[in-house]
Amino acid sequence: MTNTLHRYSDHYACERIPNPEPVQDDYIVFAMSSRGINDDNLVEKYRTFLTLALKHEPVNIGDATKGGLIRPRQDMNPTAHWRREHGPDAEQVMAGIDGPTTVAAVFDNYQAMKDFVEELKAADLGISINISAPINEAQRCCRESDLSRHSVEYSVGFRGRVDKLPDATTLQLSTMCGHGMVSANFAKKMLEWVKENRRTPEEAARYMARFCICGVFNIARAERILSEARLMNR
Amino acid sequence: MKIDPHKCVACGNCLPICPMGAIYIDPSINRAHINTDECVECFTCYRGMSKEHLNPTFVRAIRKTAQFFRFRFDPEPDICPTDAIVPEDLSWPRVVRRAFSDPQVPHESTGIHGRGTAEVKTNDVTNRVNLGEAGFVVEFGRPGIGARFRDIERVTRALAELGVEFETNNPVTSLMTDPSRGVIREDILNEKILSAIVEIKTALDKVPSVLKEIRNLSREVDTVISVGVSTRCDAQGNDRLRAILEQEGYPTYRGKTNLGLGRITRSPSATDQQS
């Protein structure tokens with residue numbers, strides 16, 4: 001789940017931007033077991049994690065070995081071009097869990113994330129639980145949930161050939177799949193299609209989400225970024 | 001990965017899908033083609049695109065007709081209409097590309113999917129990074145640029161000279177022939193991958209010097225490096241690392257927080273049996 005560590009925002013611009021806007025719609029909670037330590041009854045623990053998450057209306061959930069709420073299909077037919085089903089399928093995620101993996105839930109608001117963390121604390125699953133979000137928000141959540149942070153990992157940004165990176169809006173979209181499955185070129189194409197009114201931000205966000213193999217792509221944030229980019233000529 | 005020229009209809013949908021931009025329409029055959037040297041075997045095109053299984057001759061006829069009348073296509077952008085993308089059997093050393101690029105393949109060395117690292121995500125039960133220590137995740141090729149092991153080795157050799165300790169339970173370390181010198185096996189040095197993480201551990205007070213060295217080394221490689229630094233918090237949940245990073249001018253806006261909810265749940269006998 002390092003794949004959620006380096007999600008781009010203006011805070012990580014290569015040339016510093018004064019007073020970057022806070023990211024207030026991107027909170028990920030994920031669970032991970034350790035081999036031989038707490039990987040007993042693993043399927044049941046992971047399903048409990050996701051069941052509790054669904055009570056708080058996540059914008060995506062995922063199993064790192066199978067995918068997220070919206071997945072590609074191998075059995076399409078030509079009517080899909082007019083009648084495609086873009087709906088999420090939580091049952092598919094739950095049913096697919098069959099062993100060691102990492103499961104995650106993505107929220108677009110702090111309160112939902114905090115309520116979920118409090119439920120996880122009460123459920124006492126015994127597996128490692130992490131929040132991937134702005135550090136201050138995660139710390140606030142721990143404080144309000146009476147939890148003491150065990151460890152922290154900071155993203156300190158990008159180095160090297162940053163001249164090869166795409167523009168900031170594209171990076172915001174493509175880095176939401178830290179495994180790199182949402183390509184920068186595809187994110188650019190979706191931006192163009194939204195600007196040309198060939199697709200809505202909702203549809204474009206869902207096309208991209210299908211490529212994220214572990215379900216941490218934040219569909220709601222992508223919709224917002226696409227909508228803003230359309231209006232602000234980014 | 002390859003594209004079957006008998007099935008491909010040159011619709012171009014797969015071109016922007018490729019994270020490495022390795023797919024193009026070959027004008028000599030008017031079919032999509034993969035630049036195998038740039039392809040990292042991430043399987044994004046094969047697995048991520050939905051498939052229609054249409055008859056290629058039929059699709060080509062429709063496309064030619066529409067093209068003749070200058071009709072504008074507006075198809076779904078993530079579909080391969082004829083299921084033309086075909087995975088190939090990979091042999092050594094090319095198989096390394098897939099291991100480090102396809103997140104659905106668990107790393108043999110760690111049993112973990114994705115990039116194969118646990119870092120401090122499970123630190124509450126493994127204690128890999130203790131109080132007063134800093135763990136570094138130095139990731140090459142991310143986001144979306146890719147990297148060759150030759151560049152990675154350039155950095156690991158230099159870091160080894162600093163006396164850092166490479167995490168043994170890490171996929172890149174498992175490919176080193178001499179971890180004490182940061183030497184990676186020679187037969188994979190030209191292999192390109194989507195990204196790979198080198199993990200090292202130092203004392204907290206060495207964080208500024210290690211980050212400075214990484215910053216200097218990053219100027220010598222032909223890729224992007226993403227850096228994460230971790231530590232264990234004290235009993236009150238506080239950490240000294242953030243102040244160190246901010247004093248050095250590094251951003252600390254985003255990160256991961258281990259909530260400390262993990263514990264040993266396996267009985268000792270079951271753990272013994274498994275080991």
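Bear in mind that the values here come from a model prediction, so they are computed numbers and not experimental data. (Residues numbered from 1 in each chain as written. Chains lettered and ligands numbered in written order. Predicted model: local features only at pLDDT ≥ 70, side-chain atom pairs only at ≥ 80, totals over all residues. Heavy atoms only, no water.)

Caption draft 1: Summary view of the packing of helix α4 (residues 110-123) of chain A against helix α5 (residues 135-144) of chain A. Residues and elements named next belong to chain A. Axis separation between α4 and α5 bottoms out at 10 Å; the angle between their running directions is 45°. In terms of their interaxial angle, α4 and α5 are classed as oblique. Regarding α4 and α5, the two cross each other, and that crossing is right-handed. Residues Y110, M113, K114, V117 and E118 of α4 pack against E137, R140, C141 and E144 of α5. Residue composition of the contact of α4 with α5, by class: 4 nonpolar, no polar and 5 charged. (Axes fitted to C-alpha atoms, helices over the stretch in contact; angles between N-to-C directions. Helix = DSSP H or I, 4+ residues; strand = E, 2+ residues; numbered from the N terminus. Parallel < 35°, antiparallel > 145°, perpendicular 65-115°, else oblique. Left-handed = near helix turned anticlockwise from the far one by under 90°. Contact = heavy atoms within 4.5 Å. Nonpolar A, V, L, I, M, F, W, Y, C, P; charged D, E, K, R; others polar.)

Caption draft 2: A look at the state of the cysteines. The final tally for this structure, using the stated rule, is 0 disulfides over all chains. Free of any disulfide, C141 of chain A has its nearest neighbouring cysteine sulfur in C142 of chain A, separated by 5.7 Å. C141 of chain A sits in the buried class, given a relative accessible area of 0%. You can see C18 of chain B has no disulfide; the closest cysteine sulfur is in C42 of chain B, sitting 6.0 Å from it. (Disulfide = S-S within 2.5 Å. Buried < 20%, exposed > 50% of the residue type's maximum accessible area, 1.4 Å probe, protein only.)

Caption draft 3: Expanded view of the pairing of strand β2 (residues 23-26) of chain B. Residue and element names in this part refer to chain B. Strand direction decides the pairing type here: β2 and strand β3 (residues 31-34), joined by 4 bridges, are antiparallel. Paired with D26 across the bridge in β3 is R31. Between β2 and the antiparallel strand that follows it, β3, lie 4 residues; N30 among them carries a positive phi value of about 50°. (Pairing = 2+ DSSP bridges.)

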